[in-house]
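# An overview of the molecular structure
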Amino acid sequence: MNQQIEPLASHPAPPCAVVIFGASGDLTKRKLVPSLYNLASIGMLPADFSIIGVARREMSHDAFREQMTKDMQEFATQKIDPALWDKFRERIYYCQGEFDNPETYGRLATLLEESEKKHGTQGNALFYLSVQPTYFAPIAEQLKQHNLVEEKDGHWRRVIVEKPFGHDLASARELNGRLSAALAESQIFRIDHYLGKETAQNILVFRVGNAMFEPIWNRHHIDHVQITVAESIGVEGRGAFYETAGAFRDVIQNHMFMLMALIAMEPPNSLAGEAVRNEKVKLLQAVRQMTPDEVLRDTVRGQYGAGTVNGKPVPGYREEKNVAPDSTIETYAALKLGIDNWRWAGVPFYLRSGKRLPRRSTEIIVRFKSPALSLFGDNEADPLGPNRLIFHIQPEEGIALQVRAKVPGPTICTRGVKLDFGYSQFGPVAPTTGYEKMMYDCMMGDSTLFHRTDMVDAAWIAAQPIIETWAANPPTDLPNYAAGTWGPAAAEEMMHRDQHNWQIPVA
Ligand code: BG6
């Protein structure tokens, strides 16, 4: 029987204003406004709320509302209810200004006061920094100078900081230092939207909420883990940013390290935020520091050339806007990591991510060891061979277990079959962006899913040998995969050396 999925929580967040710095940016229209609308549609946004977009260009409140209305036609994840949108829309405001100009903050303060009076936001405010990273600290500092982050009379002021959080260990520490000078740690919410995805949240539930998995969740029973974040899109007009980032910094060092932490961390003693975050930190701290030789052997960089994706010809990365014609930035990276603790010693974790791959798919495959004795013949050729537990994170959300079964008939012949669970079995679920949960949690003051300073530090420390060795050894073979293929041959070769293959994510 179908069950209805539980709403995100049983009550709406407290009254508040949501201030989005970078209101004319991509994230605002693609994710933030659709997420806030999604929250409103399930009654999780307070009735007393307002949204204030801050950006550089001149625009009236009405023009901004009009723009958001248009963008929602394209980016809403569910059918828009006109009555709800009308109510939502009239609570949207616009504040023009440069992020480093004090006058912007004067105007913002006025708008916040007006919001409080008109919409009953009670002095609570969530500031979302969806801006270029160079502005994270300056905005926090301006907010402090203008007393906009002062928490008095029982109201709260919180700041969500987008990624990338630093460019390496030193810059991340510097950013942390500046943010901490402007804000209390309890006010800083470093976001990783992958942690808000349904199936990502389900990893721990599945592991520790089912007694059958935990006893086998270790080096004695698990052969290896593969994590893939495949994207079919290119850099989508973000060439200038991507030239400073690359696949490793953009996706692997943050989103994928977090997925790995959820798979590999020790079960926390409780679901209290600090208990969960302590275990994530311990796991990241246990990632083996690679030597330069290991980096050169166990990592692969790729960059796409021209090719065909979804039947359409697309240009190579070097032809994209704001990308150097001889760029050596990686649009694909694959690596093998080790985790030096008692649970995982000797179990490789293979991570790969790339742009312009054949399709969008994020998947985690936990590959169990083969049975001790192959009673039913050698089935290695069978693509559904050894047991695998697969977490489909997106686009479809679900979990599958591959097991061996006897094929009907007079002889003993076996084949791999899939026990499949899709989120759609819970009943109709409106697709979400991953940001709903994160913004709701921030409004509720729950920082469990957000990064603590020591988590950011640990992730950069694990990444540092790769960053340094790559910088000292620029690749000479780029572009080395055609758009629309599964990445460079070297990534397959890395797996073959360990007698493995990358599993092609499900279509
Ligand atoms: C972002 C990266 O953090 O994550 C993008 O900057 C990437 O380059 C995106 O496309 C992927 O997120 P999602 O939720 O679409 O998988």
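Above this text you will find the structure in question.
Along each chain, residue indices are assigned from 1 in the same order as the chain's sequence is written. Residue-level local features of this predicted model are given only where pLDDT is at least 70; pairs of side-chain atoms are given and counted only at 80 or more, and the full residue set underlies all totals for whole chains, interfaces and linings. By convention in this description, side-chain values take in all heavy atoms of the structure and omit both hydrogens and water.

For the purposes of this section, nonpolar cores are sets of buried Ala, Val, Leu, Ile, Met, Phe, Trp, Tyr and Cys residues that join through side-chain atoms within 4.5 Å. Partly exposed describes any residue whose relative accessible area lies between the buried limit of under 20% and the exposed limit of over 50%, with all areas from a 1.4 Å probe on protein chains only and scaled to the type maximum. With 154 residues, the main nonpolar core has Phe21, Phe88, Leu108, Phe127, Phe349 and Phe391 as its most contacted residues. Here a helix means four or more residues in a row that DSSP labels H or I, a strand means two or more in a row labelled E, and each is numbered from the N terminus. No other element matches helix α8 (residues 239–264), which puts 14 residues into this core. Should any heavy atoms of two residues lie within 4.5 Å, those residues are counted as being in contact. Among all residues touching Phe391, those that are not within four sequence positions of it are Ile203, Phe206, Trp217, Ile263, Thr362, Glu363, Ile364, Val366, Gly398 and Ile399.

So, on to the site of the ligand. Contacts to the ligand come from Lys31, Lys163, His193, Tyr194, Lys197, Glu231, Arg238, Asp250, His255, Lys355, Arg360 and Gln394. By the criterion applied in these results, polar contacts are pairs of N or O atoms within 3.5 Å in which, for protein atoms, one can donate a hydrogen and the other can accept it, and in which residues neighboring in sequence qualify only through two side-chain atoms. Lys197 is positioned with one of its side-chain polar atoms (N or O) 2.6 Å from an oxygen atom of the ligand. The side chain of Asp250 places a nitrogen or oxygen atom 2.5 Å from an oxygen atom of the ligand. Across the complex, the protein chains shield 87% of the 390 Å² of accessible surface that the ligand would expose by itself. Classifying every residue of the shell around the ligand by side-chain character gives one nonpolar, three polar and eight charged. A single heavy atom is enough: if one lies within 4 Å of a molecule or strand, its residue is considered near that molecule or strand. Accessible areas in this description were obtained via Shrake-Rupley with a 1.4 Å probe; residue shielding takes into account the shown protein chains only. Polar here means any residue outside two lists: the nonpolar Ala, Val, Leu, Ile, Met, Phe, Trp, Tyr, Cys and Pro, and the charged Asp, Glu, Lys and Arg; Gly therefore counts as polar.

Our focus in this paragraph is the sheet that holds strand β2 (residues 49–55). When DSSP locates at least two bridges between a pair of strands, those strands are taken to pair. The six strands are arranged β3-β2-β1-β4-β5-β6 in an open sheet whose pairing can be described as parallel. Every interior strand has two partners, whereas the edge strands, β3 (92–96) and β6 (188–190), have only one. Sheet twist, expressed as the mean angle between neighbouring strand axes with direction ignored, is 20°. Here strand β1 (residues 16–21) runs beside strand β4 (residues 125–129); their pairing, made up of five bridges, is parallel. Paired with Val18 across the two strands is Leu126, which belongs to β4. Note on method: axes are straight lines fitted to C-alpha atoms, helices fitted across the in-contact stretch only, with angles between N-to-C directions ranging 0 to 180 degrees.

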